[in-house]
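# Residue-level structural notes
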Amino acid sequence: MKKTTLTAFLFGLLSIGSAAAAPFTISMVADNDFAIFSGTSTSINSILYQNNVGWPSQITALSTLSFTLGAGDDTFYVLGMGGGGFEENISGEVNGVNMTDPSVSVSMSSDLSASLAGYSSSLVAAGTYNASLADVQAAFSGLTWGAPTVNSSQSVIVAAGFGQGFTFSSNKAHLFSFDAGDVGVEVPEPSTLAILGMGLAGLALRTRRRKLLS
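Let me begin by describing the structure that accompanies this report. Please read all numbers here as calculations on a predicted model, not as lab measurements.

### What about the side chain of Gln154?
Inspection of the secondary structure puts Gln154 in the loop between strand E9 (149–151) and helix H5 (155–160). A distance of 2.7 Å separates a polar atom in the side chain of Gln154 from a polar atom in the side chain of Asn89.

### Points about the sheet that holds strand E8 (residues 145–146)
Reading across from one edge, E3-E2-E4-E11-E7-E8 is the order of the six strands in this open sheet, with antiparallel pairing throughout. The open sheet is flanked by strand E3 (43–50) and E8, the only strands paired with a single partner. Both strand E2 (residues 33–40) and strand E4 (residues 75–81) contribute to a ladder of seven bridges, which runs antiparallel. Bridged to Ser38 within E4 is Phe76. Contacts between helix H4 (residues 133–140) and the sheet are confined to E2, E3, E4, E8 and strand E11 (173–179), with E3 contributing the most and set at about 145° to the helix.

### Quick word on the environment of Asp135
Counting through the fold element by element, Asp135 comes out in helix H4. The spatial distance from the C-alpha of Asp135 to the C-alpha of Ser115 is 6.3 Å, given a sequence separation of 20 residues. In this view, Asp135 contacts Ser115, Leu116 and Ala117; residues no more than four positions away in its chain are not counted. At 3.0 Å, the side chain of Asp135 forms a polar contact with the backbone nitrogen of Ala117.

Criteria and cut-off values
- Residues numbered from 1 in each chain as written.
- Predicted model: local features only at pLDDT ≥ 70, side-chain atom pairs only at ≥ 80, totals over all residues.
- Heavy atoms only, no water.
- Helix = DSSP H or I, 4+ residues; strand = E, 2+ residues; numbered from the N terminus.
- Polar contact = N/O pair within 3.5 Å; in protein donor to acceptor, adjacent residues only side chain to side chain.
- Pairing = 2+ DSSP bridges.
- Contact = heavy atoms within 4.5 Å.
- Axes fitted to C-alpha atoms, helices over the stretch in contact; angles between N-to-C directions.

The following block contains the structure:
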C-alpha cells in the first residue's frame, strides 16, 4: 500500500473510532462573579467560561452557549468569587442538573482569593474580574476541601430562580468541584477501533523507519 494511501486510511480509522464529545449547557448566577474550569480529580486543565457581567445579566449571557469537555476531563470546577457585602453565593445548573441536587457530590475548597492576581473587590462586585487559569492551577495543590453550605434564602439565590445555592464568606473565592457524571455529562474516550488505529499507525511508522535504515 502506498504511503499516502496508508496514511489516509489510518487517519480515517482514527476519526471513525473516536467518540465525539456531547455538548451541554450551563446556567449560573453568582454574587458576585464566577468562572468555570474543567479537569480531573487531581488537576485543572482548561477554562470553560469566564463571566464578565453583573449577576442580573449572567443567565442571559450564558443562554445561547453550549460547551464540551476536553479529552480526559471528567471534573467540573466552578470558581465562585465574592466582592464583599453580607451575602456571597453561587447557584445554577450544568446540563440541566442543579448543583445542589442530592445526586451531585460537591466539595468546596478553601479560600484562594490571595492566589488570584489582581483580585479586586470592585471588579468582582461588577462581575468583571478575569480569573487566570494559571493562577488557579498554581493554587490547586495547596487547597483543602470540605462540604459546602446550602442556602435557599439569600436574595440573589432567590432572584436567580434555582431554588438553592452555595454560600461562602464575604470577599472570598472558592472552587466548587463535582464529577461530570453526576450531572450526566459523559467524557468521551477512544474506542477499541481508535486504539487499533493508533497501534497500526505506530506499526507503519516503525516499518517505514526500518526501510529507511536498511
